[in-house]
Amino acid sequence: MHRPLAAPRVHEPEPAGPESGPRHVAIIMDGNGRWAAQRGMPRIAGHERGTENIRRITEAAVGLGIRYLTLWAFSTENWRRPRDEIAGIMRILGEAIERETGALHERGAQLRHIGSLDGLAPDLQQAVLSAIELTRQNQRLVLTLAFNYGGRQELVSAVRSLVEAGTPADRIDEAEIGRHLYTRDLPDPDLIVRTSGEHRISNFLLWQAAYAELLFTPVLWPDFGPPDLQAAVLEYAQRDRRFGGVSARSTTAVG
Ligand code: IPE
Ligand code: IPE
Ligand code: MG
């Protein structure tokens, strides 16, 4: 049974007991290039395979009761890559959105985007906006694609937006900042997974990750399958989230 999507309460973490799974999982989909290199293939073949993997992980997420899945496909720093690779990634993303949106819609997924659409090809922008519009009523899974996304750029954009709105200094608090972020309609991530063995955040969800559980796996993104997602969810359930407070577990143990 699926809980109805509650109106998001920005920056108020929901205490999660060991029995509760993560409501919002965000994944840094890393390792496409190495996956291809290991097979003597061009990097772009890794991006093709990595993008295909989005479908099976999205389906697995629904099966695991995840309500919000955020997938990072392209960072604001990825513009530093060779021009051919960038063009290939943009083409693959555009094709995937065109190809997959119908099936996502039928399965009740609501597509969203975080990041900046500026600087993307007009047809890619249009594909994203159409997919968002088509799926906006869906409630089963909120699938957010982060591309042309960077956490610092998001904060810059939030500050600009606060200033443009003429917000007085004494009205600026955490909730107000949250309302000016790309993620204004999303709860904070409970679990952030990074594939490919890199142990860093690389400018992902800097504000929202304040109390996320972090999980790093050596598995390269194209190889990251439903069992790996399930293992991540089980690992999450073992974590003791304290949010700066005192563990419910330790107080119980002490009596
Ligand atoms: C992740 O895979 C996809 C993007 C960052 C666009 P990479 O392309 O970073 O793969 P590696 O890290 O080089 O293996
Ligand atoms: C982070 O991966 C961005 C995405 C997965 C979309 P990168 O491969 O760009 O990160 P760094 O450069 O290794 O930190
Ligand atoms: Mg990488």
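Residues numbered from 1 in each chain as written. Chains lettered and ligands numbered in written order. Predicted model: local features only at pLDDT ≥ 70, side-chain atom pairs only at ≥ 80, totals over all residues. Heavy atoms only, no water.

If you look the protein up in an unreviewed UniProt entry, it shows as Isoprenyl transferase from uncultured Thermomicrobiales bacterium. On record in UniProt, under Sequence similarities (unreviewed entry), the comment for the protein is "Belongs to the UPP synthase family." Check the Subunit (unreviewed entry) section of the UniProt entry for the protein; it says "Homodimer." (UniProt positions renumbered as here; feature names shortened; annotations may be inferred.)

Student: Give a description of the site of ligand 2 that names residues and reports values.
Tutor: Inspection of the region around ligand 2 gives Ile-28, Met-29, Asp-30, Trp-72, Ala-73, Phe-74, Asn-78, Arg-81, Arg-194, Arg-200 and Ser-202 as its neighbouring residues. Note that an oxygen atom of ligand 2 is positioned 2.9 Å from one of the side-chain N or O atoms of Asn-78. Between Arg-194 and ligand 2, the recorded distance is 3.1 Å, taken from a side-chain N or O atom to an oxygen atom. Here ligand 2 loses 78% of its free accessible area of 390 Å² to cover by the protein chains. Its residues assigned to classes, the shell around ligand 2 shows five nonpolar, two polar and four charged. (Near = heavy atom within 4 Å. Polar contact = N/O pair within 3.5 Å; in protein donor to acceptor, adjacent residues only side chain to side chain. Areas by Shrake-Rupley, 256 points an atom, 1.4 Å probe, with all protein chains shown as cover. Nonpolar A, V, L, I, M, F, W, Y, C, P; charged D, E, K, R; others polar.)

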